[in-house]
Each structure stands twice: as C-alpha cells, then as structure tokens.
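Listed below are the residues making up each chain.
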There are 4 protein chains.
Amino acid sequence: MKKIRVAVFGASGYAGEELLRLLLRHDGAEIAAITSRKNAGEPVSTVFPRFTGLPLSFISPDEAMSRGDFDAAILALPHGLATEFAIPLLKKGVKVFDISADFRLKSTAKYQEYYKTPHPAPELLKEAVYGQPELYREQLKTANLVACAGCYPTSSILPTAPLLRDKLVSPEGIVVASCSGCTGAGRKVDLPYIFPECNESIKAYAPVGHRHLPEIEQEMAFAAGVPEVKINFIPHLAPLNRGINSTILLNAMPGCTLEKVGASLEKAYGKEQFVRILPAKRCADTKYVFMTNCCEIGYFFDEHTGKVILTSCIDNLTKGAAGQAIQCMNIRFQLDEAAGLR
Amino acid sequence: MKKIRVAVFGASGYAGEELLRLLLRHDGAEIAAITSRKNAGEPVSTVFPRFTGLPLSFISPDEAMSRGDFDAAILALPHGLATEFAIPLLKKGVKVFDISADFRLKSTAKYQEYYKTPHPAPELLKEAVYGQPELYREQLKTANLVACAGCYPTSSILPTAPLLRDKLVSPEGIVVASCSGCTGAGRKVDLPYIFPECNESIKAYAPVGHRHLPEIEQEMAFAAGVPEVKINFIPHLAPLNRGINSTILLNAMPGCTLEKVGASLEKAYGKEQFVRILPAKRCADTKYVFMTNCCEIGYFFDEHTGKVILTSCIDNLTKGAAGQAIQCMNIRFQLDEAAGLR
Amino acid sequence: MKKIRVAVFGASGYAGEELLRLLLRHDGAEIAAITSRKNAGEPVSTVFPRFTGLPLSFISPDEAMSRGDFDAAILALPHGLATEFAIPLLKKGVKVFDISADFRLKSTAKYQEYYKTPHPAPELLKEAVYGQPELYREQLKTANLVACAGCYPTSSILPTAPLLRDKLVSPEGIVVASCSGCTGAGRKVDLPYIFPECNESIKAYAPVGHRHLPEIEQEMAFAAGVPEVKINFIPHLAPLNRGINSTILLNAMPGCTLEKVGASLEKAYGKEQFVRILPAKRCADTKYVFMTNCCEIGYFFDEHTGKVILTSCIDNLTKGAAGQAIQCMNIRFQLDEAAGLR
Amino acid sequence: MKKIRVAVFGASGYAGEELLRLLLRHDGAEIAAITSRKNAGEPVSTVFPRFTGLPLSFISPDEAMSRGDFDAAILALPHGLATEFAIPLLKKGVKVFDISADFRLKSTAKYQEYYKTPHPAPELLKEAVYGQPELYREQLKTANLVACAGCYPTSSILPTAPLLRDKLVSPEGIVVASCSGCTGAGRKVDLPYIFPECNESIKAYAPVGHRHLPEIEQEMAFAAGVPEVKINFIPHLAPLNRGINSTILLNAMPGCTLEKVGASLEKAYGKEQFVRILPAKRCADTKYVFMTNCCEIGYFFDEHTGKVILTSCIDNLTKGAAGQAIQCMNIRFQLDEAAGLR
C-alpha cells in the first residue's frame, strides 16, 4: 500500500520532536519534509540527538513549499505564522493539520480578544474542523483543514462533553484546575523555565484570561447546546516533563448520580481506543498516560456539595499535540486510526 | 533569660525533623526530650544524619513522661495517640502543642464522621485553641492546649478568612484546589510513595471527603459568621518535596473589587511577619516560601465569572506544621514570635 | 507467520512492566503467560494501570508451568528463584532468557563470594550464553539458556570491550563511575526509596563489592584475553526514574590515540542498530536513550593523564533489562532483531 | 558590638541570593550594598521574591564603589571582572572575598591555559589567600584578598588533603568523579539548562580540561608536598537543584588501612564544625548537607584494588560558594566563625 507523505513544519520544538518520534514508527505514513527556518540544512540529530543515525535533515519551509511533494502537512508553528503556510498549502490540495491556535476559535472576536490581533484568515474558519477525533470523527473524515485541539482543552473537554450533552451537569459554574509539565511551555529558553526555577516549585499562572479559556468554553457550549459558557480555568506549572492533570468541578443537574455519570462516559467512549474510563471513584494519574495517546478519566459524585468531579490526564505532547494531530490525519486518510500511536 | 524547655513527642517523621531543625536555632527554647517509641535509645543522627555530631538521642515517650522536666510538649503523633499523651501532660501543667488532628474540630460528630471513631476526649475540645496565630493570637496567649492548624487548612484559611469576614466573598460555592509535595504524606513507606511512582506524576486524591475538609469548613464558617459552610477541597500530589499551593475560587459579593480584596488582605496581614501579600495579579510560588514559615498570597478578580481567585503557598513542614507549632509556642510563652523561625 | 509465544515470569516489577510494554508492540511474538505469585488471578491493570482495557491477567507461576504452552520464558525473578524455574523450563524445551544474575558469572566461586550462597545449578553455567547481543550474537543464535547482561554491566562492557580487544587500553586500573535512576532499585518499598529521600539527593552506594562488579570484571577479562581483571566500580543513585550513565577511565596503551579509539568503536558497532557512537569529544546523555534499547557512547582522550575516557548511557529498564532480553530472544528465534524495540 | 559592613557585588545570581540569605541572619555583619549592573535601582525582591518586604535594593557597582562605606566586599562576579573591582577595593582598605576564579591559581601560566587570557593582575596572586578555612585558617586571619575555593574543588580537596599530607595515599592516579545540581551552572538562561532538558537526564560534561581541574591539582600538590599532581576530574550534571557529590579514588600507600584513613580525617577535622566525618564505610549524601555549610565525608578501603575511596558532599551554593565566603570573612574579622552559618 502506498504510504501517505507528510511534511512537518516547525519541527525544532518538543511537539516537533514528538511528531518525528511517532511518524517514524507509523507504517502508513512517511516523512517527506522537516522544516525549521533556524536549523535548515542541519541534520535533525543536531537538535534532537536521539535521532542520530537516521537520514533526516531540516530544510527551510520555503524549500518544502516549493517541493510540495506531500499529501499532508502538520504545522507546529507559532500562531499567525501557521495561517501564512496553511493558505498556500490548502491551495495546493495538501491536507493541513494545524497544532497552533489559529483555527480553533470559531469567533473572530474571541480570537482578537485573546490574541490581540485580527484573525489572519477568517474565511477559513468555517472550513476548519476542530481536531478532537472522539467528538468530530465524522467531520474529520473529509476535512481539508484541521485545527487540532490544544493540550489543556483536550484534557478538559473530553471528560466534560458527554455529561453536558446528556444534561447531567450544568454548563454554569464550571471550574477547571489543571497542572501541566514543563514541556507545555514549549522549548522556551527563558529564566522562569530553567531547571532551578521550576524544580521544587508549583504555582498557578494566568488564572484569569488564559488563551485556552475561550477554546474550552466554545467546545463546552457546543456540547451543552447553549450559545455561551463561562468557566474558570486555572493552569498550574508543575515540576515534571510531560503530562497534564485536569480536575474539573461541575454542578450536577437534578437526578444526576454517580452511575449516570459513569454510564454517560461509557456510552461516549466505551469503544474509543484512546480514552480510558477508570472505575468510579478513582483518580487519573499522568504516570499512566506518559508517552501515550491516551486520555484517562476518573469520576466522582460529591453528595456534600452536589458536584460532579472529574479528573483527567493526558500526555501534553502526545494526545495534547503530536499524537492527536496524527490521529486526525489517520482518520482523514482512512488509515488505521491508531497507526503510529500504539 | 531562662530558656523554656521543650519536649518533642514522635520525632522520627518529617515534621519531627523540622521541629528539631528549628528548635536548634531557637534562642529562647531548648530541647528537653525527643521521643520515638521505635528508635528509643538511638542517637537522633541514626534517623536524621544531618544531626550527626549533636548530642541528641531518642528516648521512649514513657521515659519522657516520667521525667516531665519540660514546659512545653509538641506532639507530632498520629491522631488518637496524641490525645493519650495530651491528657496527662496537661495535668502536669505542661503546655501542649498538638500537630495531629485530634483537637482541631470543634464538632465531635464531624470528628466521628471523618475519623471513623468517637472523639477520645470531647471535654478538651472547648479548651483547645486553634493554632493559627494570625487568626487566634489573643486566645493563644493563654492557651494550655493548642490544636495546630493543618497544612492544607493553613494554606486555605489564611487567604480566605479576611475576605469572608469583610463580606467581600460569599461563603457558598467555594472551591479549593491544592497541590502538595510528597513530604505531605509523611515519612510513609508505601508503594505509591516510592520515587519512581511519584516522579513525573501528578494526580488528585481524595477529591471527596478528605480529612482536612471539615477543618477548612469550620474555620471558614467562623470567619464568615455563619453556622455552616460547604466547600469543595481537592488535594493533588505533586513531584516535589516541600510546599503546598492552594488555588481558591470564591464568588464575589456585590460591590467587591480587586482593590477591596487587596485592602482586606492588607488590613488583616499588613503587619504580620509570616504572611506576604503579593502585588495584585501575581501568583504565589512554593519556591518563595521553601523552608520558611511564610504564607505567600496572590489575588485576582475575574470579571468574566465574578470570582475572586486567590493563590497561596506555604512550606507544608514549616508554616504547615513545625514552624506554626513553634510560632504558637512563642506566643504562649511570650517569646519573640519569630524566634527560631527567621 | 506464526508468532512465538512468550511467558513472562515475575512480571509485577518495573522490568516486568517494561517487558509487557515491549512485547505488546512486538509483531513476531505474543504473550502466553504473565506470572506473579502475589497477584495471581488479578488483571495486570491492577498493578500497572497503563494496561487497563487489555485482556491481561496474572497467573501463578505454577499454573504457567503446568500449562507450558510457550516457546520462550523471560524470567524477571529474584536470583536463586530464577534457577528453580529455569531447570524445569529447559527440560520442557522452552528457551529461557533470565534477567536475574543467576547464570551471568562463569565462576561458582565468584557467585558464592558475592551472593553468599553456593550456586544452585553449576552444571548449567557452561550452557548459559551471556546475553549481550553485540558481543555474543553468534552464540545466542543457538542458546537455550541466556543470562541477560545486567544494567550497569551493559553500560560498562559495551563501550570498553572493543578497546580492550584491540589492545588500545590496559585492563589494569580501570575505573567505572555510574549513576542510575531509581527504577534501578526495582519496585522496592523501603524507606531509602521513598520520594522525599531520593529527590534532591545524589550519593554513591556499595562503592566496594557491588554485585555487578564480578560480572563487569569477567567480561572485561574475556575482551582483553586475560585471566583476570580487577576494577573499581562505583554506582550512584540519582533522582531520575530511568537511565544509567557510566563514565569509564582507562589507561591508554602506547600508540593509542583519539582517532584509534573512535575507529575501534566504529568497527565494533558501526553496523549495530542499538549502539550509537557519538562524534569524538561529546558526552552521552541518558535523555537521548530514554525508553529506547540504545546504548549511546562518547569518547575522549586525555593527554594530560594518558587516559581514555568513555561515557555511556542506556535506559536501565530497556537495554539494561527488558529490551535486551527481547533482543536476545529475537536473535534466538531468528526474528527481526529489532522487533518490538524500535 | 559594632557590626562589620559588607557589600555584595554581583548579587543577581544564585550565589548572590544565598549570600543575602545568610547575611540577613548574621548577627555580626550587616549588608551595606548589593550591586547589580542590570538591576540597579530595583528592589531585590524583583529578582528574588523571597526577599519581598525587606528594604533591600540593588545599586550599580559604580555607586557602591563611590560610597565605599563598607569593611568587606564579597565578589560574586564573572572572572576577569572580579579583578577590576578587587584592585580599587583593596586600595581603599576593603577586605575582598572573591567567589570568582581570578585569584585561585598561583600559576599565571595555568590561568592563561585554562581561561585563554593573560592573568589580569599577577602581582596580587602572591597576596591572595586560598579561601578554604579548614586548610588555611591561619593565613585567612590576616588576609586582605581571599580567593574563595570553588565548589568542585572544595568537595575534592577537603577529603583528600589530610590523606595526602599524611602520605596514606599517592598523589598519582587520582580520579575525582563529581555530580552537581543545576544551580552549579549559575542562573544561566540557555537551552541545556531549561527544565525539560535537565530533568530525567544525567550526563558527564567537560571530562577533559574543566576549569576547576588546575585548582584541584594545585591544592592536592600543596597537600602532598610535591611540585605537581595530575588527576582526572569528571563533572556530571544531575537533576537536582543544590548539592555536589564527589567520589574520589586514590591509590593507597603501603601500610595504609581503613583505620588509618579514618584517624587521619579525624585528626584533621575532628574539631571542625563544618566537616562531618561519617563512620567508616558509609556514603555521604547531598541530602544531609542541603542548605548547610557542612562538608560530609565518607571513606572506604578497597582491598580488591588497593584503593582508598572517599565520598564527599557539600551544598554547592553554601560550602561551595556563599557560605564559605562568609566563613572566611568571619575568620578575617575575628567574628564567631559560624555566624550566619548555623
């Protein structure tokens, strides 16, 4: 069978490294190009020594564009820049899987509010499909432009969507408290991210107005079937490399029980290979999804306050970025959905 | 000036180690006895090599009781056992500073509900003063029995109490999401606490019904002047040694503003040497309270949802246990409140 | 093609978990039995939640023995116990890959000296092939009993053997200083291994007479073609989960140069897929072999003291245990040597 | 009693932070100036939030020089720059305690070889006293310029010097393998030092020609009474914040025994308050010197190879930098040697 050819744009960060790791063991896809403006011309092993010995080199994004010999492009680029590449790629007929935030928000107003700049290509927003396979699998099968879900949003939306859809919980008063490992900040060279500053430290950041907030709210509103949802989302930085834990508090609707919560999750995800529902009253642990494409979900019912409490863990670089992009790509190209991801 | 003599009961855990570290540099107190049933007769350095060379040995608690040559006893014992020692110590006129949970809850019903056993000495509960110096300093000056505040409660109650007292926030719908370092579990030798299980892992635990919940609720109710408060308290275990971060969400009352929140905290703690109010919109960090007796508090106002968001950090072994006990002791004996704690 | 059937004995530790992880993605082998005396009857996911959803359960070793429906057995058992199972398994014609130390030492006297008990089956020692594929590939092709190389030995012997063989370095005065992550101690529940004791700590242990010493010396002697080698081997425990770094100092023989060292390593391993020789004067890093079956080797020539300095990194659970066992098994059964290990 | 006034030059790094922490609890010294070119004019708490609330601000080094109202200056400056300040400070009669490497090497040739530039003030080298109080206490009492010992050198020289002096070990063939926490690299903002690169990683670096090598060799030669010593010194970077472990292998001289090694160390350091000799055959642990000014030393005799093996731990920021500078200062000003350091 002919393998699909994949170009990875902006591959010198942690999501890029993870994309390469996964694509190298993908038996239905092959790497057609790996771009990095800064590292063009260098072997990939210069930046990621783990790939020493493999015949992989960075090329400039322009060279990749002019070659154009690929079926799919995964964009691990900063927001804004992703759009600049998406437009000509789509014109060439290349399927685009964007890991940046450029096409996630359906509302250009929200984009402007949170990114402080007008949306660079509003006409593409309608076309873009949100890259959360468990929720949008059908649409992904024919999507040309996929806005892969963010890491915090994935860990928040997946456990919550079925309960909102089934009216077991209220869309009002939702609180999401998340902790992320340090690769979540990207491969950023800045004082707050050096080892002695992060190690033995845990702290909240951006507890008001984090850029993932409108994305989470948008998808929760879609799931609940309401025009708008307002939540509190509080991210924390924790001293580990990979992993996000989200603890989610929701107001139970009348009649909601622990069993109904479990049944709703089971109905939604019982056949999913990348979602794992824990037995009732067990907490998810990032350890158990480390370097996997899995989302692990635990659920509780707190009689004391009438809340449903969900805990959910993903690997931010896999299910929260590279793995999910590949899962979307597999769906789009009718490959085994788990290829490269087992 | 004559130094007060202090006995440390149950000194072979991390709180015990911290008590010794602090007492050794306390210029108004001296160590009269260090007990450990298991290690009686051994030099303290057998258990804590950092004390090698110091003339300190464990004795059995019974021997300490029969000697009785001390003014204060700090109990770092399991709950239940603490009461067994507190009763005879109080009879001898020794001031008791209990780090266990035995005397924290005013309600014997709550004690029974959360500890699954009747309270061992209900008659002492009225006498016990809650050991949170910033809130109960006056009562501590004459207390014979001090129920030192727990670690999670300290990090939750200190930032919240002034806002509840000043009616800036509602006592309803409070959410506390906390992350604790691994010494919070004590020096417990059990599979979930070995390094490879904790490292690179973050997870919630006991999101419903944690034993610190009723303690937090009790003190929040006192601060709000209401008979009962029901909150959600979700602890998480994070891969660091020392430190608790609590992120607290509260419903703002009409008229509440960011400035009023700051003013309320400033009024309550502006003169406190162990509470540090950050400038508005900055997050607390466990790193900045590491091995100190300080509680650092940050505050935000979320217009989007009408919530006040507080972040608070303490060192769980210092302000959350040993340091706070010593601070209480200093107040009781009219010593410099910061002796041993700078 | 028919898959070979593999039984994993003693699968409740970290090496067992890694064996399952690797075997599950092995396309030429299938898991026939997973034993654990303690956990017999339980789903594997009870012990390793990452395997939730997979139809895997522990059975007792006795049940596995009575079934006997497998071609290969990998023993992740304590030393001594491994022999008890190896004997009847070999009689049944099952190929045995032992991760314990039982069959590594050719000298029963050394075994007795380091393990304080007579060797339980000296007659098998001649038959056993040392499980270091890069050095014993030919013998492994027909071996019935494979004594898989230990973790520290693998990281020490692989970089050193070619230089000893090529007489570029002296077998006298060798020093190996190694640092291991905490999974190296196994899934041991003991005070020194709880998180707060290991985190922020680095220390040597057993600097004289570690049990891996005679194994390293034996293989160095074989490589050098001398009857005996005496070295210093100093292991350290470092606060990470997985990975061993070994720094090895060797006395250069007259005529030895940096280039000759590089050429010797290149000649030995240039075609190996699981050994990576770094460019001259670069240090190996555990990060780059994390969760891979690779051994990364760096080399230096110190003109100042006339020493060759090698640095070598492996993942102790993969190349140092489970991965190497599977590599040996693949060779024995004429499978793709890298199956399950890419 | 009048306190001595101390200026800290270059206080915006980790050694600077530690100097402030220690000086703030020093009862015989007060901080007269804290300089930082980059942060001049800012409160110290901007850089180190733990000092929030204290009336401390950075001034420019030039302003500090023009004020000149201090008795002692501790220089935490880059090498080269330290000399530029030391010269005028000495002229003013200020006692200088230099944490940089500028005055450690007695040989200008070695300085040029390792620092690739001629020594900026060779005439001062004779005057400079090496700042290792346990070895040079007498000279420090009258020193005007103190070249505080480096971190790796302190951990290597302290355990070794007595044995070389007492001819129990040979000055030939010494190997020092050290592991350092990440603050050892300073507060350097560079890709190799961000959390995800350091965490779960252990590696050697600069195994040939590290800049601390000639310093260690110089002091070992002095101790042995020989003109030159050549050793191997291999530093490693380990994923912890603070702490150095050095494992040192030395060739025993004829007649050397474990007991003699212990007696030699005891004779040298039995009365030292900042050196702790462990019982024979126990390994030092960075955990037990964390945030203390102590050097912990363990010792072994390896009959197998005739080596003495020493393990030694210090906190690199305290005994390896700031604490040792203060200890030297205390000696120079006839203060309690442990003031600020208990």
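Reading guide: rules and limits
Residues numbered from 1 in each chain as written. Chains lettered and ligands numbered in written order. Predicted model: local features only at pLDDT ≥ 70, side-chain atom pairs only at ≥ 80, totals over all residues. Heavy atoms only, no water. Least-squares fit on C-alpha atoms with pLDDT ≥ 70 in both. Contact = heavy atoms within 4.5 Å. Helix = DSSP H or I, 4+ residues; strand = E, 2+ residues; numbered from the N terminus. Polar contact = N/O pair within 3.5 Å; in protein donor to acceptor, adjacent residues only side chain to side chain. Axes fitted to C-alpha atoms, helices over the stretch in contact; angles between N-to-C directions. Parallel < 35°, antiparallel > 145°, perpendicular 65-115°, else oblique. Left-handed = near helix turned anticlockwise from the far one by under 90°. Nonpolar A, V, L, I, M, F, W, Y, C, P; charged D, E, K, R; others polar. Phe/Tyr/Trp six-rings, centres within 6.5 Å; stacked < 30°, edge-to-face > 60°. Buried < 20%, exposed > 50% of the residue type's maximum accessible area, 1.4 Å probe, protein only. Buried area = accessible area lost by both parts, 1.4 Å probe. Salt bridge = Lys/Arg side-chain N within 4 Å of Asp/Glu carboxyl O. Pairing = 2+ DSSP bridges. Right-handed = clockwise from strand over helix to strand, strands pointing away. pLDDT = per-residue confidence, 0-100.

1. Observations regarding the relation of the copies chain A and chain B
Between the two copies of this chain, the relationship is a rotation about some axis together with a displacement along it. Rotating chain A by 180° about the axis while translating it 0.0 Å along that axis superimposes it on chain B, leaving an RMSD of 0.0 Å. Taken together, the rotation and translation describe the operation of a two-fold axis. Mapped onto chain B, 100% of the interface residues of chain A again fall at the interface, so both copies present the same surface.

2. Brief notes about the side chain of D302(D)
Note on placement: D302(D) falls in strand β12 (residues 295-302). There is a polar contact of 3.0 Å between the side chain of D302(D) and the backbone nitrogen of H304(D). Separated by 3.2 Å, the side chains of D302(D) and T305(D) make a polar contact. Excluding residues that lie within four positions of it along the chain, D302(D) makes contacts with V208(C), N232(C), K307(D) and I309(D).

3. Thoughts on the packing of helix α1 (residues 14-24) of chain D against helix α11 (residues 318-332) of chain D
Residue and element names in this part refer to chain D. The interhelical angle for the contact between α1 and α11, taken along N-to-C directions, is 45°, at an axis separation of 9 Å. By the criterion of interaxial angle, the relationship of α1 to α11 is oblique. Between α1 and α11 lies a crossing whose hand is right-handed. Residues A15, E18, L19, L22 and L23 of α1 touch α11, and the partners they reach there are T318, A321, A322, G323, I326 and M329. A class-by-class count of the residues in the contact of α1 with α11 yields eight nonpolar, two polar and one charged.

4. Re the packing of aromatic side chains
Taken as a whole, this structure holds 28 aromatic pairs over all chains when the rule is applied. Taking the centre distance of 5.0 Å and the plane angle of 65° together, the rings of Y152(A) and F233(A) count as edge-to-face. Within this pair, whereas Y152(A) is found in helix α7 (residues 151-165), its partner F233(A) is found in strand β9 (residues 232-237), the two being separated by 81 residues in sequence. Using a relative accessible area of 3% as the deciding quantity, one classes Y152(A) as buried. What makes F233(A) buried here is its relative accessible area of 2%. Ring geometry for F195(B) against F195(C): centres 5.2 Å apart, planes inclined by 5°, an arrangement best described as stacked. Linking F195(B) in helix α8 (residues 195-198) with F195(C) in helix α8 (residues 195-198), this pair reaches from one chain into another.

5. Describing the interface of chain A and chain B
The partner chain B presents 45 residues to the 45 residues of chain A that form the contact. The junction of chain A with chain B conceals about 3600 Å² of combined surface from both sides, 61% of it contributed by carbon and sulfur atoms. A per-residue breakdown of the area chain A buries against chain B is headed by E200(A), I202(A) and H304(A), which together make up 20% of the total. Where chain A touches chain B, the interface holds two salt bridges. Put simply, D285(B) and K203(A) hold a salt bridge, and the shortest N to O gap is 3.3 Å. One can count 22 residue pairs in polar contact (both at pLDDT 80 or more) joining chain A with chain B. If you tally residues by element for the side of chain A that touches chain B, the top one is strand β13 (residues 307-314) of chain A, at four residues. Residue composition of the side of chain A that touches chain B, by class: 24 nonpolar, 11 polar and 10 charged.

6. Here we look at the sheet that holds strand β2 (residues 29-35) of chain A
Residue and element names in this part refer to chain A. If you walk across this open sheet you meet the six strands as β2-β1-β3-β4-β6-β5, and the pairing is parallel. Where the open sheet ends on each side, the last strands, each with one partner, are β2 and β5 (129-131). For this sheet, the mean inter-axis angle between neighbouring strands, taken without regard to orientation, is 25°. As paired elements, strand β1 (residues 4-9) and β2 share six bridges and run parallel to each other. Its bridge partner lying in β2, R5 is registered against E30.

7. Digging into the packing of helix α6 (residues 133-140) of chain C against helix α11 (residues 318-332) of chain C
Residues and elements named next belong to chain C. Viewed as axis vectors pointing N to C, α6 and α11 meet at an angle of 30°, and their least axial separation amounts to 10 Å. By the criterion of interaxial angle, the relationship of α6 to α11 is roughly parallel. The way α6 lies across α11 gives a crossing that is right-handed. Between α6 and α11, the contacting residues are P133, E134, R137 and L140 on the first element and K319, Q324, Q327, C328, I331 and R332 on the second. Among the residues making up the contact of α6 with α11, the classes are represented as four nonpolar, two polar and four charged.

8. So, the pairing of strand β4 (residues 95-98) of chain A
Residues and elements named next belong to chain A. Burial along β4 is two-sided: K95 and F97 and V96 and D98, pointing in opposite directions, are all buried. Where strand β3 (residues 72-75) lies against β4, four bridges are found, and the strand directions are parallel. Bridging from a neighbouring strand, A72 pairs with K95 of β4. Handedness of the crossover joining β3 and β4 through helix α4 (residues 81-91): right-handed. Note: β4 against strand β6 (residues 145-148), three bridges, orientation parallel. In the sheet register, F97 faces β6, and the bridge partner there is V146.

9. A short note on the confidence of the model for chain A
Of all residues in chain A, 100% attain a pLDDT of 70 or more, and the chain-wide mean is 96. Scored by ipTM, the complex comes to 0.96, with pTM at 0.97.

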